[in-house]
Amino acid sequence: MPDNSTYERLISLLDNTTTAYKLIDHEPEGTTETVSALRGHPVSEAAKCLILIVKIDRRVTRYVLAVVPGDRRVDLNAIRTLFAARYAGFCDAATAERLAHAVPGTVLPFSFDPELELVADPDVIAQPRLYFNAARLDRSLSISGADYARLAEPRVERITSPGSN
């Protein structure tokens, strides 16, 4: 499942759309606070990517890639309300890895899986520079929030509350 193909797909997308980006090599790290320090930017400029399971009812389950600023936490009640669901919570690691095509700590703020619905907080796309691990623990990428919104086409909704997950 997770391999270099997710990284290569991201770079190909950026190159094929002539999107300006910067690659940042660093020590292997997947924790938002620590990797933000290694990259040299405020945690608020990091895109924290979380895979959620949303149970609409007993028969309908959806998976959501929630993208929030690194210094915020995803508001599960906001997600539940957004989807008119009875339950919203964190997805198990194996399912998250399968849907994201990446290991924990390297999940991209892009969905390359039709089962994974992308929702980004408006504060993410408002960032002049947005930083995230590039499907690798040892390499990150930076693009503008506007370019991210243009390429990823997330559903933009307020899905955060103060604090970190």
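Structure shown above.
These remarks concern the structure in this document. (Residues numbered from 1 in each chain as written. Predicted model: local features only at pLDDT ≥ 70, side-chain atom pairs only at ≥ 80, totals over all residues. Heavy atoms only, no water.)

**Topic: the overall build of the protein**
Inclusion rule: Here a helix means four or more residues in a row that DSSP labels H or I, a strand means two or more in a row labelled E, and each is numbered from the N terminus. It is over C-alpha atoms that the radius of gyration is taken, and the globule rule equals 2.2 Å times the number of residues to the power 0.38. Think of it in three bands: with a 1.4 Å probe and only protein chains considered, a residue is buried below 20% of the maximum accessible area for its type, exposed above 50%, and partly exposed in between. The contact definition used throughout considers only heavy atoms, calling two residues in contact when any of these lie within 4.5 Å.
When helices and strands are tallied, the protein shows six helices and 10 strands. A globule of 165 residues ought to have a C-alpha radius of gyration of about 15 Å, and the protein, at 15 Å, matches this closely. With respect to the three principal axes, the spread of C-alpha positions in the protein is 45 × 35 × 30 Å. The 165 residues of the protein split such that 48% are buried. Of the contacts formed within the protein by residues at least 6 apart in sequence, a portion of 70% connects residues at least 24 apart.

**A few points about the sheet that holds strand E5 (residues 87–90)**
Sheet strands associate in pairs through backbone hydrogen bonding, adopting either a parallel or an antiparallel arrangement. Keep this limit in mind: Two strands pair under a simple rule: DSSP has to find at least two bridges between them.
Strand order in the open sheet made by the five strands is E5-E2-E3-E6-E9, with mixed pairing throughout. Because the sheet does not close on itself, it has two edges, and the strands there are E5 and strand E9 (155–156). Both strand E2 (residues 47–55) and strand E3 (residues 61–69) contribute to a ladder of nine bridges, which runs antiparallel. If you follow Ile-51 over to E3, its bridge partner there is Leu-65.

**Here we look at the packing of aromatic side chains**
Under the convention used in this document: Stacked, tilted and edge-to-face are the three classes applied to pairs of Phe, Tyr and Trp rings, where Trp contributes its six-membered ring and a pair requires centres within 6.5 Å; stacked means planes under 30 degrees apart, edge-to-face means over 60, and tilted covers the rest. Over a ring means this: the NZ of a Lys or the CZ of an Arg is within 6 Å of the ring centre and within 35 degrees of the ring normal.
The tally for this structure, following the rule as stated, stands at three aromatic pairs. Counting every residue linked through ring pairs, the aromatic cluster contains Phe-110, Phe-112, Phe-132 and Tyr-148. Taking NZ or CZ as reference, Arg-136 lies 5.0 Å from the ring centre of Tyr-7, over its face. The cationic tip of Arg-155 hangs over the ring face of Phe-83; the distance from NZ or CZ to the ring centre is 5.3 Å.

**Focus: the nonpolar core**
The criterion, for reference: Within this scheme, the nonpolar core is defined by two criteria: the residues are buried Ala, Val, Leu, Ile, Met, Phe, Trp, Tyr or Cys, and they are joined through side-chain atoms within 4.5 Å.
In terms of nonpolar packing, the biggest core is built from 33 residues, with Ile-51, Val-67, Phe-110 and Tyr-148 touching the most fellow members. Mapped by element, the contributors of at least two residues to this core are helix H1 (4–16), E2, E3, helix H4 (93–100), strand E6 (116–120), strand E7 (130–133), strand E8 (139–143) and helix H6 (145–152). Not counting residues up to four positions away in its chain, the partners in contact with Tyr-148 are Val-67, Pro-109, Phe-110, Leu-118, Ala-120, Val-124, Ile-125, Leu-130, Ile-143, Glu-153 and Pro-154. Core analysis: the second largest hydrophobic core is formed by 14 residues, Ala-66, Ile-79, Phe-83 and Val-119 among them.

**With respect to helix H2 (residues 32–39)**
For the record, the criterion: Picture the helix axis, draw a direction to every C-beta atom, and the arc is the one those directions span.
Within H2, burial applies to Thr-32, Val-35, Ser-36 and Arg-39. Buried positions in H2, seen along its axis, are confined to an arc of 105 degrees and lie on one side of it. Each element contacted by the buried residues of H2 is listed here: strand E1 (22–25), E2, E7 and E8. Remark: Gly-40 follows H2 within two positions and exhibits a positive phi of approximately 80 degrees.

**Looking at unusual backbone geometry**
Phi angles above zero are rare outside glycine, and Ala-84 is one such case at about 50 degrees. Mapped onto the secondary structure, Ala-84 falls in the loop between helix H3 (76–82) and E5.

**Comments concerning the sheet that holds E7**
Quick reminder of the rule: Interaxial angles span 0 to 180 degrees and are taken between N-to-C directions of axes, which are lines fitted to C-alpha atoms, for helices over the stretch in contact.
With antiparallel pairing, three strands are arranged side by side in an open sheet as E1-E8-E7. The open sheet has two edge strands, E1 and E7, and neither has a second partner. Ignoring strand direction, the axes of neighbouring strands in this sheet form an average angle of 25 degrees. Of the strand pairs in this sheet, E7 and E8 are connected by four bridges, and their pairing is antiparallel. Looking across to E8, one finds that Phe-132 is bridged to Leu-141. Lying over the sheet, H2 contacts E1, E7 and E8, oriented at roughly 115 degrees with respect to E7.

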